[in-house]
Amino acid sequence: MESKWSKVIIHASAFFAPFLVPILFFLISTEEDVKRLSIQALLFQVIFGILIAIAGVLSFILIGLPFLLVFLAIFWIAPVIGILKALSDSDWNYPIVGRWI
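Residues numbered from 1 in each chain as written. Predicted model: local features only at pLDDT ≥ 70, side-chain atom pairs only at ≥ 80, totals over all residues. Heavy atoms only, no water.

Draft legend 1. Quick look at helix H1 (residues 3–12). Judged by how many residues are buried, H1 sits mostly within the fold: 7 of 10 residues are covered. The inward-facing, buried residues of H1 contact helix H2 (20–28), helix H3 (32–58) and helix H4 (65–87). (Buried < 20%, exposed > 50% of the residue type's maximum accessible area, 1.4 Å probe, protein only. Helix = DSSP H or I, 4+ residues; strand = E, 2+ residues; numbered from the N terminus. Contact = heavy atoms within 4.5 Å.)

Structure below.
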């Protein structure tokens, strides 16, 4: 599969299968860019899932509400930016985890 469309599918998987698709692409792909992106996508989903859960719990005492809104916005906007960058054949790293991988 072409690298461009693999990247688009990995980014779009945040909306329908955030854990399964990056793991599958990591296992079946031979391209290093696709493997790196699939690890980033998986770590991004895990870390922001944890952050959203913590902010959700803290929002009951109102201190976590701003964090919850910011984390949810990043959680939904980052994959869309990734899709657009992949369609234009530009490299893009996920926020926070992109520097780790």
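Draft legend 2. Broad picture of the packing of aromatic side chains. Under the definition given, this model contains 8 aromatic pairs. On the numbers, 5.2 Å between centres and 15 degrees between planes, the contact of Phe-15 with Trp-76 is stacked. Here Trp-76 lies in helix H4 and Phe-15 lies in the loop between H1 and H2, a separation of 61 residues in the sequence. What makes Phe-15 partly exposed here is its relative accessible area of 37%. When its relative accessible area of 44% is taken as the criterion, Trp-76 is described as partly exposed. (Phe/Tyr/Trp six-rings, centres within 6.5 Å; stacked < 30°, edge-to-face > 60°.)

Draft legend 3. Spatial organisation of the environment of Phe-75. By the secondary structure assignment, Phe-75 is in helix H4. For the pair Phe-75 and Pro-95, spaced 20 residues apart in the sequence, the C-alpha separation amounts to 9.9 Å. Beyond its immediate sequence surroundings of up to four residues, Phe-75 is in contact with Phe-44, Gln-45, Phe-48 and Ile-52.

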